[in-house]
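Listed below are the residues making up each chain.
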Amino acid sequence: MEHGLFITFEGIEGCGKSTQLKLVADDLKAKGCDVVTTREPGGTVIGDQIRRILLAPEHKNLEPLAELFLYAAARAQHVHELIRPELARGKVVLCDRYVDATRAYQGAARQIDPQILERLIDVPTGGLMPTLTLILDCPVEVGLRRAVTRNAQHPTTKEDRFEREARDFHERVRLGYLAIAKQEPKRVKIIDATGSVESIHQTILQEVDRVVHNSRA
Ligand code: TYD
């Protein structure tokens, strides 16, 4: 039984979710919450090894099904080794991407059969879902422009396998996310990610404060 609170951040490349996750972590820590931040793929030593395979630009011929299984493998490790134990300790776990990324990227964009996809989500997670998922939404050109600027500021960061995908791939990812929010409006909130970092942060905090408050009630 989990006592903590599980919150995930999602969105297309360059939507700003990682920046916002850090700001939420700082804010919750300042309010006295015990916060753990993590990401997918990754979050564990084994998961980070799998992440390297998944993002390497030279792995151009990675099969969509192989890709799906690798995300599922990294997630099985992550849920077992980190997420469930930290929730059991009562922590607030903030995770940069989780199952909705699989639905948007491997489902909506790569068009893997939904039944296979949902099995490959259900098995590694054992049905563990976030209490709150924030999808930072912005037009694809805005996100990709930010991702290019970010890479330029970090000369050692290469464009990854996903950033190399065509524009319509990212459009499908975005639509995939919007469809998830429509299907699960209680869990999933769309956040307009075109404003300033500070205004987006304030919008997100309202959602986060609501679930933190409810979890303690
Ligand atoms: P990352 O560098 O973390 O990208 P970002 O900063 O945009 O989150 O790389 C993660 C990539 O993996 C990203 O392109 C989305 C993709 N991904 C999937 O395709 N399926 C998944 O289940 C997850 C967790 C991520």
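Residues numbered from 1 in each chain as written. Predicted model: local features only at pLDDT ≥ 70, side-chain atom pairs only at ≥ 80, totals over all residues. Heavy atoms only, no water.

1. Observations regarding the sheet that holds strand β2 (residues 35-39)
So, step 1. Reading across from one edge, β2-β3-β1-β4-β5 is the order of the five strands in this open sheet, with parallel pairing throughout. A single partner strand is all that each edge strand has here, and the edge strands are β2 and β5 (188-192). In this sheet, adjacent strand axes meet at a mean angle of 20° when their direction is disregarded.
So, step 2. As paired strands, β2 and strand β3 (residues 92-96) are joined by five bridges and run parallel to one another. By the bridge assignment, T37 is partnered in β3 with L94. (Pairing = 2+ DSSP bridges. Helix = DSSP H or I, 4+ residues; strand = E, 2+ residues; numbered from the N terminus. Axes fitted to C-alpha atoms, helices over the stretch in contact; angles between N-to-C directions.)

2. Considering the packing of helix α3 (residues 64-88) against helix α4 (residues 99-109)
So, step 1. Across the interface, α3 lies against α4 with an axial gap of 11 Å and an inter-helix angle of 175°. One finds that α3 runs roughly antiparallel with respect to α4. In this structure, α3 uses E67, L68, Y71 and R75 to contact α4, whose residues at the interface are V99, T102 and Q106.
So, step 2. Residues that form the contact of α3 with α4 fall into these classes: three nonpolar, two polar and two charged. (Parallel < 35°, antiparallel > 145°, perpendicular 65-115°, else oblique. Contact = heavy atoms within 4.5 Å. Nonpolar A, V, L, I, M, F, W, Y, C, P; charged D, E, K, R; others polar.)

3. Some points on the nonpolar core
The tendency in soluble globular proteins is for nonpolar side chains to be buried as a group.
So, step 1. If you look at the biggest cluster of nonpolar residues, it comprises 43 residues, and the most contacted ones within it are I7, L28, L94, L134, I204 and V208.
So, step 2. Ignoring sequence-local partners within four residues, the contact set of I204 consists of F9, Q20, V24, L134, L136 and I191.
So, step 3. Counting residues in each nonpolar core, the second largest holds 17 residues, with I83, C95, I112 and I121 among its members. (Core = buried A, V, L, I, M, F, W, Y, C linked by side-chain atoms within 4.5 Å. Buried < 20%, exposed > 50% of the residue type's maximum accessible area, 1.4 Å probe, protein only.)

4. Some points on the packing of aromatic side chains
So, step 1. With the rule as written, the count across this model stands at six aromatic pairs.
So, step 2. A centroid spacing of 5.5 Å and a plane angle of 90° characterise the contact between Y105 and F162, whose relative ring orientation is edge-to-face. With Y105 in helix α4 and F162 in the loop between α6 (140-153) and α7 (167-183), this residue pair connects regions lying 57 residues apart in the sequence.
So, step 3. When its relative accessible area of 5% is taken as the criterion, Y105 is described as buried.
So, step 4. Judged by its relative accessible area of 4%, F162 is buried.
So, step 5. For the ring pair Y105 and F169, a centre distance of 6.1 Å and an interplane angle of 55° mean the geometry is tilted. One end of the pair, Y105, is in helix α4; the other, F169, is in helix α7, and 64 residues separate them in sequence. Each member of the pair, Y105 as well as F169, is classed as buried. (Phe/Tyr/Trp six-rings, centres within 6.5 Å; stacked < 30°, edge-to-face > 60°.)

5. A short note on the pattern of salt bridges
So, step 1. Under the criterion given, the structure shown has 24 salt bridges.
So, step 2. Residue K31 is joined to D27 by a salt bridge in which the shortest nitrogen-to-oxygen separation is 2.7 Å.
So, step 3. Classification of K31 as partly exposed rests on a relative accessible area of 44%.
So, step 4. Counted as one network, the salt bridges with shared partners bring together D100, R103, E118, E184 and R187. (Salt bridge = Lys/Arg side-chain N within 4 Å of Asp/Glu carboxyl O.)

6. Side note on the environment of V197
So, step 1. Along the chain, V197 turns up in helix α8 (residues 197-216).
So, step 2. Note: C-alpha distance between V197 and T19 (178 residues apart in sequence) is 8.2 Å.
So, step 3. What V197 contacts, discounting residues up to four positions off in sequence, is T19, Q20 and L23.

7. A closer look at the site of the ligand
So, step 1. Looking at the ligand, there are 16 residues lining it, with E13, K17, R97, T102 and Q106 nearest.
So, step 2. Taking R51, its side chain carries an N or O atom lying 3.1 Å from an oxygen atom of the ligand.
So, step 3. Y71 is positioned with one of its side-chain polar atoms (N or O) 2.8 Å from an oxygen atom of the ligand.
So, step 4. Relative to its unbound accessible area of 550 Å², the ligand is 93% covered by the protein chains.
So, step 5. Of all elements in the fold, only α2 (45-55), α3 and α4 reach the threshold of two or more residues within the shell around the ligand.
So, step 6. The element best represented in the shell around the ligand is α4, accounting for four residues.
So, step 7. When the residues that make up the shell around the ligand are grouped by side-chain class, the tally is six nonpolar, two polar and eight charged. (Near = heavy atom within 4 Å. Polar contact = N/O pair within 3.5 Å; in protein donor to acceptor, adjacent residues only side chain to side chain. Areas by Shrake-Rupley, 256 points an atom, 1.4 Å probe, with all protein chains shown as cover.)

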